[in-house]
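Letter by letter, the chains look like this.
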There are 2 protein chains.
Amino acid sequence: MIRIGVDMMGGDYAPLEAIKGAEAFCKKDPSESKLVLIGDESKISPLLSDAPGLSPSCYEIVHAPQVIEMHEHPTKALKEKTQSSISVGFHLLASGKTDAFISAGNTGAMMVGALFSIKAIEGIIRPTIGAYMPREDGSMGILVDVGLNSDCKPEHLNQFALLGSLYVQHILNVQNPRVGLVNIGEEEGKGDLLAQAAFPLLKENPNIHFIGNIEGRDILLSKADVMVCDGFTGNVVLKFAESFYAMAKRRNIQDAHIDRFDFEQYGGVPVLGVSKPVIIGHGISRATAFYNMIEKAQRMVKTNLVEKIKESLHS
Amino acid sequence: MIRIGVDMMGGDYAPLEAIKGAEAFCKKDPSESKLVLIGDESKISPLLSDAPGLSPSCYEIVHAPQVIEMHEHPTKALKEKTQSSISVGFHLLASGKTDAFISAGNTGAMMVGALFSIKAIEGIIRPTIGAYMPREDGSMGILVDVGLNSDCKPEHLNQFALLGSLYVQHILNVQNPRVGLVNIGEEEGKGDLLAQAAFPLLKENPNIHFIGNIEGRDILLSKADVMVCDGFTGNVVLKFAESFYAMAKRRNIQDAHIDRFDFEQYGGVPVLGVSKPVIIGHGISRATAFYNMIEKAQRMVKTNLVEKIKESLHS
């Protein structure tokens, strides 16, 4: 039985939307996993009657009376609010009482928790977070890093490529995923010092399928499945893409593909390279996002992604 | 009389679209400027009969029989093809026979020419190129740098802010333009080492109106008029935006604001910080783009932008 910790207090629409997401998951997949709902019991319990699909066999509640608010200082809040849902969630994960943890709460606190409560896999220099980039052919690429590491060294990018490849392969079912280096020109030798130095490392990495440089205009095309860049560039691009979607919605543009830029629906991004599956959701997560986060976390546990990462570090 | 050099051989649709653009300019503004049409006379002359609006008083032709192709190596091509339209164009500009030069040809050759034929203004560490970012309120922001400087130091960003501000003020008529530092968070102290170090410089710069950090999601909002970043990030964002527009067109999305992301219509980007006005156009420039480039170049000459940059470096 897989045990997935869910922060019920994180996000703008918690705990109601978290409960609805948990309910949707339990209705679809009632036996394989148990959801560990972490949060203020007095706020969670009254809502359970509205979620009849959330059968008692499917979940248990772990009381965590405190909440780390969205704008609290991550390290300070984690230290002081030991009974917060995020602190308790990481404690359960670190002690083996859960197999994965998801939250749409304070992103900084989730990152700090992922890095310091459960730590990086041995051999991983810098864990990373990726973001999905939808393509018109229905496929999905991943841009990595999107903000956890704003200053990077070439060897970091090389590891992001590996971590992204394993995620895409095992979680998105893309065989032999193509890795592209985000750059400002196609030819080898182009780019800033980081990209210039990362290129030969990626080229010589036997554990990835490197296809060379890609440009900003290729990110939304199906050129590479894993697109590697420093977290500064990736973060600016991700937020820019989000704003393009927001603009399209404001302007009432109806288009099935544009709708796929509603990043909220994908239910957060995995922290890759840490020793347990952790997924960080958007603050604006609703039921579908929670459902997707739980489903992705289950998949990360079932496919034993962390072990696969460990193995490939030693191959 | 302002003399504007126009490369007639640069771009995918040259020389015909360049002639049409020149004609449109002459029809609108027949007296103030003389266009110096630079290129292969045997290719230009036969097309003149199709452009009756291009009155003889409005232009002269300078014969330049060679063409630097789009994929030639910039430095090598400039050196070897001394009779190319770009080489001749920069020679005319450097010797004072023209007051500005525009081209939709080989971007690299244009950059090398701008940096080495006419050189940077004294005191400018790194010239830069910016790109327009349209906003829904009808205004236009400028993102600077978008690719000329992929590795930057904090003092470079500080100068980009000044150059961008002067361009926006004098050419786009925005009074007291707001400068934002592109970053991955709003608070001071956020970002990579470059952004962290650039922030205090921008904050203390008396010649700009710095409003603080902006994020990727703010680039298309009317938060800052001048958005400063390293050329790696800016280039990736610009090409990403171009690809979003291309995607919208492929999907037949009809929207007046989305159409403003057709960067081609703006007619190229100015090279800022060099000692004469130079504008580099898209390879896909058509008549409107050429018209806009000529008009912008004329405006750069008329407003004496280069002198204004020199003055503000000593204020």
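Predicted, not measured: the structure shown is a model, and the values here were computed from it.

J.: Where do I start with the overall build of chain A in this structure?
T.: Looking only at helices and strands, chain A has eleven helices and eleven strands in total. Computed over the C-alpha atoms, the radius of gyration of chain A is 19 Å, within 12% of the 20 Å expected from 2.2 N^0.38 for a compact globule of 315 residues. Counting the 315 residues in chain A, one finds 55% classified as buried. Long-range pairs, those at least 24 residues apart, make up 72% of the contacts in chain A with a sequence separation of at least 6.

J.: Please explain the relation of the copies chain A and chain B as it appears in this structure.
T.: The operation relating the pair of chain copies consists of a rotation about an axis and a translation along that axis. When chain A is fitted to chain B, the best match, at an RMSD of 0.0 Å, comes from turning it 180° and sliding it 0.0 Å along the axis. Overall, the copies show the geometry of a two-fold rotation axis. Closest to the rotation axis within chain A is the C-alpha of T233 of chain A, separated from it by 2.7 Å. Mapped onto chain B, 100% of the interface residues of chain A are again interface residues, and the two copies thus contact each other with one and the same surface.

J.: Even after reading the chapter, I still don't get the sheet that holds strand β7 (residues 178-182) of chain B, so can you show me in this structure?
T.: The strands making up a sheet are joined through hydrogen bonds of the backbone, oriented either antiparallel or parallel. Residue and element names in this part refer to chain B. With mixed pairing, eleven strands are arranged side by side in an open sheet as β3-β2-β1-β4-β11-β10-β5-β6-β9-β7-β8. One side of each edge strand has no neighbouring strand; the edge strands of this open sheet are β3 (59-63) and β8 (209-214). Sheet twist, expressed as the average angle between the axes of neighbouring strands with direction ignored, equals 25°. Together, β7 and β8 form the strand contacts of helix α7 (residues 193-204), whose direction differs from that of β7 by roughly 165°. The sheet strands contacting helix α10 (residues 287-302) are β1 (2-7), β2 (33-39), β4 (100-103), β10 (269-272) and β11 (278-280), and the helix crosses β1 at an angle near 145°.

J.: Please clarify how the nonpolar core should be interpreted in this entry.
T.: Ranked by size, the top nonpolar core spans 207 residues in total, and within it A22 of chain A together with A22 of chain B carry the most contacts. The residues touching A22 of chain A, leaving out its near neighbours within four places in the chain, are V6, L35, L37, L54, Y59, F290 and I294 of chain A.

J.: Help me understand the pairing of strand β1 (residues 2-7) of chain A in this model?
T.: Here is the key point about a regular strand: its side chains alternate between the two faces of the sheet. All names here are of chain A. Where β1 and strand β2 (residues 33-39) come together, six bridges link them in parallel fashion. By the bridge assignment for β2, R3 is matched with K34. Tracing the backbone out of β1, into helix α1 (residues 16-28) and back to the parallel element β2 gives a crossover that is right-handed. Sheet analysis places β1 next to strand β4 (residues 100-103), joined by three bridges and oriented parallel. Among the inter-strand pairings, V6 is bridged to a residue of β4, identified as I102.

Rules of the game
- Residues numbered from 1 in each chain as written.
- Chains lettered and ligands numbered in written order.
- Predicted model: local features only at pLDDT ≥ 70, side-chain atom pairs only at ≥ 80, totals over all residues.
- Helix = DSSP H or I, 4+ residues; strand = E, 2+ residues; numbered from the N terminus.
- Rg over C-alpha atoms; globule rule 2.2 N^0.38 Å.
- Buried ≥ 20, exposed ≤ 12 C-beta atoms within 10 Å, placed from the backbone.
- Contact = placed C-beta atoms within 7 Å.
- Least-squares fit on C-alpha atoms with pLDDT ≥ 70 in both.
- Pairing = 2+ DSSP bridges.
- Axes fitted to C-alpha atoms, helices over the stretch in contact; angles between N-to-C directions.
- Core = buried A, V, L, I, M, F, W, Y, C linked by C-beta atoms within 7 Å.
- Right-handed = clockwise from strand over helix to strand, strands pointing away.

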